Amino acid sequence: MDEMDQDLLAALKRDGRASLSDLAALLGVSRATVRTRIDKMQARGDIAGFTVLTKADLAQAAVRGLMMLAISGPGAERVRRRLVGLIAVQAVHSTNGKWDLIVELGTETLEELDRVLFDIRRMEGVETSETSLLLTTQTGARRR
């Protein structure tokens, strides 16, 4: 990917519904160039798809936490697949060090979070876990 592809991706991340004309004007190229580059990025897998974010997608859950998991044996991929199917799971990260996976969780109540933690701990392959509640969050400036 060259700099123009990266600029095009950044523009699409800001507004996935931007017209080809608007994108072309922003990048200083023709509409045909924008269309060709988008098609090529899709064919290479750089763009996996387009989606809609709803207001609910952007709202933070009332109770949020990070759950670190150690997985026994070669079962990390199986556990990851089960985790991403849970409504309370916002993201699953593979990592290095003591923990195999870090799971971002979000629920509306502590009781609901407790049930989710219990269910995850019972999954076959989950050896041990540690969970931290997220109390406040500060974000830095987004980079292009």
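Everything discussed here concerns the structure shown above.
A short tour of the structure in this document, coming up. No experiment lies behind these values; they were computed from the predicted model shown.

Time to look at the pattern of salt bridges. Two side chains with opposite charge may pair up if their charged atoms get near one another. By the definition in use, this model includes seven salt bridges. Salt-bridge contacts for Asp2 lead to Arg37; the nearest nitrogen and oxygen are separated by 2.9 Å. You can see Asp2 sitting in the segment before α1 (3–14) and its partner Arg37 sitting in helix α3 (residues 31–44), a full 35 residues away along the chain. Glu77 is the salt-bridge partner of Arg81, the closest N and O atoms lying 3.8 Å from each other. One end of the pair is Arg81 and the other is Glu77, both in helix α5 (residues 76–84) and four residues apart, which spans about a single turn. Judged by relative accessible area, which is 39%, Glu77 ranks as partly exposed. Shared partners join several salt bridges into a network, and the residues in it are Asp2, Asp5, Arg37, Arg44 and Asp46.

Structurally, Thr107 is set in strand β3 (residues 101–107). A polar contact is formed between the side chain of Thr107 and the backbone oxygen of Thr109, at a distance of 2.9 Å. When neighbours within four sequence positions are excluded, Thr107 is seen to be in contact with Ala61, Ala62, Val63, Ala88, Glu112, Leu113 and Val116.

On to the pairing of strand β2 (residues 89–94). One ladder, built from five bridges, connects β2 with β3; its direction is antiparallel. Looking across to β3, one finds that Ala91 is bridged to Glu104. Counted between consecutive antiparallel strands, the loop separating β2 from β3 contains six residues, among which Gly97 sits at a positive phi close to 90 degrees.

Our focus in this paragraph is the sheet that holds strand β1 (residues 63–71). Working definition: the strands of a sheet are paired by backbone hydrogen bonds and lie parallel or antiparallel to each other. The strand order across the open sheet formed by four strands is β2-β3-β1-β4, and the pairing between neighbours is antiparallel. Each end of this open sheet is capped by a strand with a single partner; those strands are β2 and β4 (126–134). The mean inter-strand angle of the sheet, taken between neighbouring strand axes irrespective of direction, is 20 degrees. Two strands pair when backbone bridges link them, and β1 and β3 are joined in this way by seven bridges, in the antiparallel orientation. Paired with Arg64 across the two strands is Gly106, which belongs to β3. Packing against the sheet, α5 makes contact with β1, β2, β3 and β4, and its axis sits at approximately 15 degrees to β3.

Within the element layout of this structure, Arg64 appears in strand β1. Here Arg64 sits buried without a salt bridge, and the closest side chain of opposite charge, Glu104, lies 7.2 Å off (N-O distance). Here the side chain of Arg64 touches Thr137 through a polar contact of 3.0 Å, side chain to side chain. If we skip the residues at most four places from it in the chain, Arg64 touches Leu105, Gly106, Ser132, Leu133, Leu134, Leu135, Thr136 and Thr137.

Looking at the secondary structure, you find Met1 in the segment before α1. When its relative accessible area of 51% is taken as the criterion, Met1 is described as exposed. Along the backbone, Met1 and Arg37 are 36 residues apart, and their C-alpha atoms lie at a distance of 9.9 Å. Sequence-distant contacts of Met1, that is, excluding residues within four places in its chain, are made with Gln6, Leu9, Met41, Arg44 and Asp46.

Rules and cut-offs
Residues numbered from 1 in each chain as written. Predicted model: local features only at pLDDT ≥ 70, side-chain atom pairs only at ≥ 80, totals over all residues. Heavy atoms only, no water. Salt bridge = Lys/Arg side-chain N within 4 Å of Asp/Glu carboxyl O. Helix = DSSP H or I, 4+ residues; strand = E, 2+ residues; numbered from the N terminus. Buried < 20%, exposed > 50% of the residue type's maximum accessible area, 1.4 Å probe, protein only. Polar contact = N/O pair within 3.5 Å; in protein donor to acceptor, adjacent residues only side chain to side chain. Contact = heavy atoms within 4.5 Å. Pairing = 2+ DSSP bridges. Axes fitted to C-alpha atoms, helices over the stretch in contact; angles between N-to-C directions. Lys, Arg positive; Asp, Glu negative; His and termini not counted.

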